[in-house]
2 protein chains.
Amino acid sequence: MSSRNTNAAAPLKAAVFHILLALSDGDHHGLGIADVVEKNTDGAISLGPGTLYRSLKEMTQDGLVREVAPPHGDEDPRRKFYRLTRAGRAVLRAEASRYERIVNVARKRAVLPGAQ
Amino acid sequence: MSSRNTNAAAPLKAAVFHILLALSDGDHHGLGIADVVEKNTDGAISLGPGTLYRSLKEMTQDGLVREVAPPHGDEDPRRKFYRLTRAGRAVLRAEASRYERIVNVARKRAVLPGAQ
DNA sequence: GTTGGATATATCCAATTTGGATAAAAGTAA
DNA sequence: TTACTTTTATCCAAATTGGATATATCCAAC
């Protein structure tokens with residue numbers, strides 16, 4: 001599936017979108033992000049380790065997230081915490097709007113309940 | 001990205017979902033479906049011919065869509081028209097609900113405007 | 001009516017994206 | 001100490017998609 005760059009940084013891989021959405025909650029480390037994604041999607045989506053760490057590396061390079069110091073009280077040096085950048089939040093908002101548009105289409109077609 | 005079968009027939013490939021949503025509008029032939037997908041997504045998503053016809057073949061085998069007679073007035077014998085089956089509509093509704101859930105999460109996080 | 005370009009379906013191969021196996025290091029608990 | 005879990009990381013295979021190509025038919029222009 002191809003995409004057009006109406007908004008900057010589109011198309012967005014599904015994994016990247018879900019990671020961004022998880023981080024809109026606050027800072028999380030890698031496996032913590034995967035947990036939030038599962039909760040956000042009621043278990044429908046689970047990121048494998050390959051997708052997870054590869055995505056975080058790319059997203060850091062692309063300036064969508066940045067590594068931050070662990071929160072106070074967290075002493076596990078293995079964990080790397082990430083935070084949304086301003087650019088990451090903008091990209092997330094753009095993609096979420098596309099999701100919203102799809103949902104609105106589904107409502108118009110009475111696939112979902114709501115205003116036709 | 002892996003998925004769990006909370007609802008039957010999950011996970012749903014993105015292409016399959018968009019084709020199902022396009023057909024919730026009524027019957028369409030292959031390229032007509034691709035056009036509706038572009039309109040539904042404001043040009044963000046365009047299906048290549050490989051994805052389009054491969055998906056339609058698989059979806060027919062899986063009983064999500066079925067081929068139907070062309071509408072009256074359409075005399076082009078090349079076109080093959082498709083219609084959602086009851087099972088296809090159920091699968092579409094389940095996946096649209098997952099999209100809706102994601103959008104609601106985005107609203108809760110103030111990524112999208114609306115009720116927090 | 002025949003020529004040229006657009007439309008429509010179909011298949012194949014390469015590129016993209018993801019999943020899972022594996023590894024290494026550090027935490028935790030018995 | 002030992003055994004098990006957690007965490008990050010990388011690699012390779014599997015899954016999914018995109019685009020080139022091919023064939024046939026339609027439509028418009030000449």
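Whatever comes next refers back to the structure up there.
Residues numbered from 1 in each chain as written. Chains lettered and ligands numbered in written order. Predicted model: local features only at pLDDT ≥ 70, side-chain atom pairs only at ≥ 80, totals over all residues.

Trainee: Could you give me a rundown of the interface of chain B and chain A, with the residues and numbers involved?
Mentor: Chain B puts 36 residues into the contact, and the matching count from chain A is 36 residues. Going through the elements one at a time, α1 (14-23) and α4 (86-108) of chain B are the ones with two or more residues in the side of chain B that touches chain A. Ranked by residue count, the leading element in the side of chain B that touches chain A is α4 of chain B, at 12 residues. A breakdown of the residues in the side of chain B that touches chain A according to their chemical character gives 17 nonpolar, 11 polar and 8 charged. (Contact = placed C-beta atoms within 7 Å. Helix = DSSP H or I, 4+ residues; strand = E, 2+ residues; numbered from the N terminus. Nonpolar A, V, L, I, M, F, W, Y, C, P; charged D, E, K, R; others polar.)

Trainee: Residues and numbers for the environment of P113 of chain A, please.
Mentor: All names here are of chain A. Tracing the chain through its elements places P113 in the segment after α4 (86-108). Judged by the 11 C-beta atoms lying within 10 Å of it, P113 is exposed. For the pair P113 and L56, spaced 57 residues apart in sequence, the C-alpha separation works out to 36 Å. (Buried ≥ 20, exposed ≤ 12 C-beta atoms within 10 Å, placed from the backbone.)

Trainee: Describe the sheet that holds strand β1 (residues 28-29) of chain B, with residues and values.
Mentor: Residues and elements named next belong to chain B. Strand order in this open sheet of 3 strands is β1-β3-β2, and the pairing throughout is antiparallel. Both edges of this open sheet fall to β1 and β2 (65-68), since each of them pairs with a single strand only. Two elements, β1 and strand β3 (residues 81-84), share 2 bridges in a ladder whose sense is antiparallel. Pairing of H28 across the sheet is with Y82, part of β3. Strand contacts of α1: β1, β2 and β3, with the helix running at about 90° to β3, the strand carrying the most contacts. (Pairing = 2+ DSSP bridges. Axes fitted to C-alpha atoms, helices over the stretch in contact; angles between N-to-C directions.)

Trainee: Outline the relation of the copies chain B and chain A, supporting the account with residue identities and numerical values.
Mentor: When chain B is brought onto chain A, the operation consists of a screw motion whose angular component is 180° and whose axial shift is 0.0 Å, with 0.0 Å RMSD remaining. Interpreted geometrically, this transformation is the action of a two-fold axis. Using C-alpha coordinates, one finds that chain B approaches the rotation axis most closely at Y99 of chain B, a distance of 3.3 Å. Interface overlap between copies: 100% of the residues of chain B at the interface are likewise at the interface in chain A, consistent with a symmetric, same-surface contact. (Least-squares fit on C-alpha atoms with pLDDT ≥ 70 in both.)

Trainee: Go over the pairing of β3 of chain B, please, and point to the residues and values.
Mentor: Each regular strand carries side chains that alternate between the two faces of the sheet. Alignment of β2 of chain B against β3 of chain B, held across 4 bridges, turns out to be antiparallel. Paired with V68 of chain B across the strands is F81 of chain B, a residue of β3 of chain B.

Trainee: Give a detailed account of the packing of helix α1 (residues 14-23) of chain A against helix α2 (residues 30-40) of chain A, specifying residues and quantitative values.
Mentor: All names here are of chain A. As a packed pair, α1 and α2 sit with axes 9 Å apart at the nearest point and diverge in direction by 95°. Considering the angle they form, α1 stands roughly perpendicular to α2. Two secondary-structure elements touch here, α1 through H18, I19, L21, A22 and L23 and α2 through I33, V36, V37 and N40. Here the contact of α1 with α2 is composed, by residue class, of 7 nonpolar, 2 polar and no charged. (Parallel < 35°, antiparallel > 145°, perpendicular 65-115°, else oblique.)

Trainee: Before we move on, can you summarise the sheet that holds strand β2 (residues 65-68) of chain A with the specific residues and values?
Mentor: Residues and elements named next belong to chain A. In space, the 3 strands of this open sheet follow the order β1-β3-β2, with antiparallel pairing throughout. Both outer strands of the open sheet, β1 (28-29) and β2, are each paired with one neighbouring strand and no more. Where α1 meets the sheet, it contacts β1, β2 and β3 (81-84), and its direction lies at approximately 90° from that of β3.

Trainee: Could you give an account of the nonpolar core, with specific residues and numbers?
Mentor: If you look at the biggest cluster of nonpolar residues, it comprises 62 residues, and the most contacted ones within it are I19, L20 and L23 of chain A together with I19, L20 and L23 of chain B. When sequence neighbours within four positions are dropped, the list of residues in contact with L23 of chain A reads H28, I33, V65, Y82, R83 and L84 of chain A. (Core = buried A, V, L, I, M, F, W, Y, C linked by C-beta atoms within 7 Å.)

Trainee: Account for α4 of chain B, with residues named and values stated.
Mentor: In a regular helix each residue adds 1.5 Å, so 23 residues correspond to 33 Å; α4 of chain B covers 33 Å between its end C-alpha atoms and thus fits that length. Buried residues of α4 of chain B: G88, V91, L92, E95, A96, R98, E100, I102, V103, V105 and A106 of chain B, and no others. Where α4 of chain B is buried, its residues meet α1, α2 and α4 of chain A together with α1, β2 and β3 of chain B. A110 of chain B occupies a position one or two residues after α4 of chain B and carries a positive phi of about 65°. (Expected span 1.5 Å × (residues − 1).)

Trainee: Residues and numbers for the packing of helix α2 (residues 30-40) of chain B against helix α3 (residues 49-61) of chain B, please.
Mentor: Residues and elements named next belong to chain B. Where α2 meets α3, the axes come as close as 10 Å, and the angle between the chain directions of the two elements is 115°. As summarised for this structure, α2 and α3 are arranged roughly perpendicular, according to the angle between their axes. Between α2 and α3 the crossing geometry is right-handed. Across the interface between the two elements, G30, I33 and A34 from α2 touch L52, Y53 and L56 from α3. Among the residues forming the contact of α2 with α3, the class breakdown is 5 nonpolar, 1 polar and no charged. (Left-handed = near helix turned anticlockwise from the far one by under 90°.)

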